[in-house]
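Summary of structural features
Given next are the chains, with one letter for each unit.
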Amino acid sequence: MNRLKNRIFTITVWTVALCVILFVFALLLLILERGFPSLTWDFLFGLPSEIEEGGGIGPALFNSFYMLFLSMVIAVPLGIAAGIYLAEFAPDNAWIAMVRICVEGLASVPSIIFGLFGIALFVEMFQLGLTILGGAASLAFLNLPVITRVTEEAIRAVPREWRHASFALGATHLQTIRRVLLPASMSAIITGLSLASGRAFGESAVIILTAGVTTSGVMWDFNLLSPGETLAVHLWYVQSEAIVPDAQQISQKSAAVLLFIVLAFNVVFRIPAWVRDFRIRKAA
Amino acid sequence: MQALIEIERLNLFYGSFHALKNISMDIPEKAITAFIGPSGCGKSTLLRSLNRMNDMIPGTSTHGSIKIAGADIYGKDIDVEALRKNVGMVFQQPNPFPKSIYDNVAYGPRLHGITSRHKLDEIVESSLRGAALWNEVKDHLKRSALSLSGGQQQRLCIARALAVEPDVLLMDEATSALDPISTLKIEELAQELKAKYTIVMVTHNMHQAARVSNQTVFFLNGEVVEYAETEKLFSNPQDQRTEDYISGRFG
Ligand SMILES: Nc1ncnc2c1ncn2[C@@H]1O[C@H](COP(=O)(O)OP(=O)(O)OP(=O)(O)O)[C@@H](O)[C@H]1O
Ligand SMILES: [Mg+2]
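Residues numbered from 1 in each chain as written. Chains lettered and ligands numbered in written order. Predicted model: local features only at pLDDT ≥ 70, side-chain atom pairs only at ≥ 80, totals over all residues. Heavy atoms only, no water.

All names here are of chain B. Pairing in this open sheet of 4 strands is antiparallel, and the strands run β2-β1-β4-β5 from one edge to the other. The open sheet has two edge strands, β2 (17-28) and β5 (71-72), and neither has a second partner. For strand β4 (residues 60-68) and β5, the ladder comprises 2 bridges, and the chain directions are antiparallel. Paired with I68 across the strands is A71, a residue of β5. Its contacts with the sheet place helix α1 (residues 43-50) against β1 (3-14), β2 and β4, and it is angled at close to 120° to β1. (Pairing = 2+ DSSP bridges. Helix = DSSP H or I, 4+ residues; strand = E, 2+ residues; numbered from the N terminus. Contact = heavy atoms within 4.5 Å. Axes fitted to C-alpha atoms, helices over the stretch in contact; angles between N-to-C directions.)

Attention now goes to the pattern of salt bridges. Oppositely charged side chains can form a pair if their charged atoms are brought close together. Here the structure, examined in full by the defined rule, presents 12 salt bridges over all chains. Measuring nitrogen to oxygen at the nearest pair gives 3.0 Å for the salt bridge that ties E104(A) to R149(A). Placement of the pair is E104(A) in helix α4 (residues 94-107) and R149(A) in helix α6 (residues 132-156), with a sequence separation of 45 residues. Between E187(B) and R211(B) there is a salt bridge, and its shortest N-O distance comes to 2.7 Å. Taken together, the residues span a long stretch of sequence, with E187(B) in helix α7 (residues 180-193) and R211(B) in helix α8 (residues 206-212) at a distance of 24 residues. Judged by its relative accessible area of 5%, E187(B) is buried. A single network of salt bridges, built from pairs that share partners, joins R100(A), E152(A) and R156(A). (Salt bridge = Lys/Arg side-chain N within 4 Å of Asp/Glu carboxyl O. Buried < 20%, exposed > 50% of the residue type's maximum accessible area, 1.4 Å probe, protein only.)

To continue, consider the site of ligand 1. All names here are of chain B. By nearness alone, 14 residues border ligand 1, and S39, K43, S44, T45 and H204 come closest of all. In this structure, C41 approaches ligand 1 through a main-chain N or O atom, which is 3.3 Å from an oxygen atom. Contact with the protein chains removes 65% of the 630 Å² of surface that ligand 1 exposes when unbound. Among the secondary structure elements, those contributing two or more residues to the shell around ligand 1 are β2 and α1. Here the shell around ligand 1 is built from residues that sort into 5 nonpolar, 6 polar and 3 charged. (Near = heavy atom within 4 Å. Polar contact = N/O pair within 3.5 Å; in protein donor to acceptor, adjacent residues only side chain to side chain. Areas by Shrake-Rupley, 256 points an atom, 1.4 Å probe, with all protein chains shown as cover. Nonpolar A, V, L, I, M, F, W, Y, C, P; charged D, E, K, R; others polar.)

Bringing the environment of R178(A) into the picture now. Of note, R178(A) is situated in helix α8 (residues 173-202). Distance from R178(A) to V150(A), taken between C-alpha atoms, is 17 Å for residues 28 residues apart in sequence.

Residue and element names in this part refer to chain A. Packing of helix α3 (residues 58-89) against helix α10 (residues 231-240) leaves a shortest axis separation of 7 Å and a crossing angle of 140°. Between α3 and α10, the interaxial angle falls into the category oblique. Facing A60, L61 and S64 of α3, the residues of α10 in contact are L231, A232 and H234. Of the residues belonging to the contact of α3 with α10, the class tally is 4 nonpolar, 2 polar and no charged. (Parallel < 35°, antiparallel > 145°, perpendicular 65-115°, else oblique.)

Another point: the packing of aromatic side chains. Per the counting criterion, the structure on display carries 15 aromatic pairs over all chains. Taking 5.4 Å as the distance between ring centres and 65° as the angle between the ring planes, the aromatic pair formed by F117(A) and F141(A) counts as edge-to-face. In this pair, F117(A) sits in helix α5 (residues 111-125) while F141(A) sits in helix α6, placing the two residues 24 residues apart along the sequence. According to the relative accessible area criterion, F117(A) is partly exposed, its value standing at 43%. Ring pairs connect the aromatic residues F62(A), Y66(A), W220(A) and F222(A), which therefore count as one cluster. For K253(A), the ring lying beneath its charged end belongs to F43(A), and the centroid distance is 4.4 Å. Between K142(B) and the ring centre of Y102(B), over which it is positioned, the NZ or CZ distance is 4.7 Å. (Phe/Tyr/Trp six-rings, centres within 6.5 Å; stacked < 30°, edge-to-face > 60°. Lys NZ or Arg CZ within 6 Å of the ring centre and 35° of its normal.)

Residues and elements named next belong to chain B. Here 6 strands make up an open sheet; going across it, the order is β6-β7-β8-β3-β9-β10 and the pairing mixed. With one partner strand each, in any of the chains shown, β6 (87-90) and β10 (223-229) form the two edges of the open sheet. When the angles between neighbouring strand axes are averaged without regard to direction, this sheet yields 20°. The pairing of β6 with strand β7 (residues 168-172) spans 4 bridges and is parallel. When the bridges of β7 are listed, M89 appears paired with L170. Running at roughly 155° to β7, α1 makes contact with β3 (32-36), β6, β7, β8 (198-202) and β9 (215-220) of the sheet.

Dropping the structure here:
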């Protein structure tokens, strides 16, 4: 009887898992297969066109990476520092408990709220208009709570024995954080960063509100005050607003590029952990 | 023998719980002192007082004095990091860092400012030799310490403690998680190390205390019941409770 139950349970789990995997793969294949065959360098690096067909996604693609980079430059140091503070230095009181609840809440607030906040701050208060700077900073706000939480959790998960061993050798608190806690929690933090960058790369609501739906129209525009449409926003724009005749193809190709890059992030961020595992296994 | 550690009227509280009651004793240098007693009697607590690891447990308060080489380690201007460098500790569970064997041993020296590769190589080798591990690991110092066996890991932890050149080595049931052969190796090692270090070890294994230590302290409920030369304590205990404990009648 028990064995039969076990059987049925196993089969059910396998079937469900298989269906989910098949569904995900089918979705990936569909998107990639539609967009990839017609991809060209001209499309990837070319300028968009408003009326005629044959426009590219160059500036939007560039903005995606540029704003991701800027937002991470802001959010990573702040988020990791805040996470370390919460895990290691924060006193155990009601005030800190409330801060923790807020961070947790902010981590799950819909992104459009951060977009509205970005408008209020950069567009209205600082009168900057729709800019790369405002978009990147708003993206950073979006990711800050996530990075803070991931860091705090990762540091808390480090076994106490290692901490004790370090202190018993005469290490200070800072030395212990730098030499034991951070290295031991690094792979968890990096996984968190890769999720956060994937989210930032695919984000559209925040960007539409704070950086706009246009680019400056030239390639490699590092100006922080240029408008900052990204690839994800471009995809939405082409699909819903554009009047170019090849909108359909552009959006298919953009979707494929977007998906490919986000997948690539996940792989690239895992490489350091793979290399380390490989080294340890090889040496063992 | 000269006393290196002098404990005087030490009282320790965890919150309101009185864990160590009025403890006074002298621990001689370059010898092995064993702490025995039933679970919960305060052996680990006293051991952790000697390198102030109790500071990390919130709510502890310590009264009385402990002097090591004449300096009060709870005194106002004591440098806790320097104290812990001087009083090494080996824990019950082997706890190597998730780093290479080399980096584990070099961890302490690096903390204290040694960066020269040549000097570190020397320290790593001499510490691993000191912990009787060198021959087993010398060909793969870059291997992860976590790939070693439990007994090897514990000797690595001893090597790591030796690498900062302490005067005192505290061992809290350092062999209780190990197999008999590894245990024997570490006991032999302790015998060798006492020529250079003052060793204080907690053990639940009466035979171990009798085999390796020079003097033995028997604790009960946070108090010292009896403190004597090991041979004397085991062959001719002065207190009835000691006799009951070592003959296995309780605890
Ligand atoms: N962090 C702590 N907070 C509160 N009480 C504690 C703490 N650590 C130990 N105690 C209490 O102090 C007493 C002594 O504990 P200790 O760990 O020193 O005993 P021990 O002799 O080492 O026991 P064992 O042989 O089981 O390791 C025990 O009653 C224990 O419950
Ligand atoms: Mg104990």
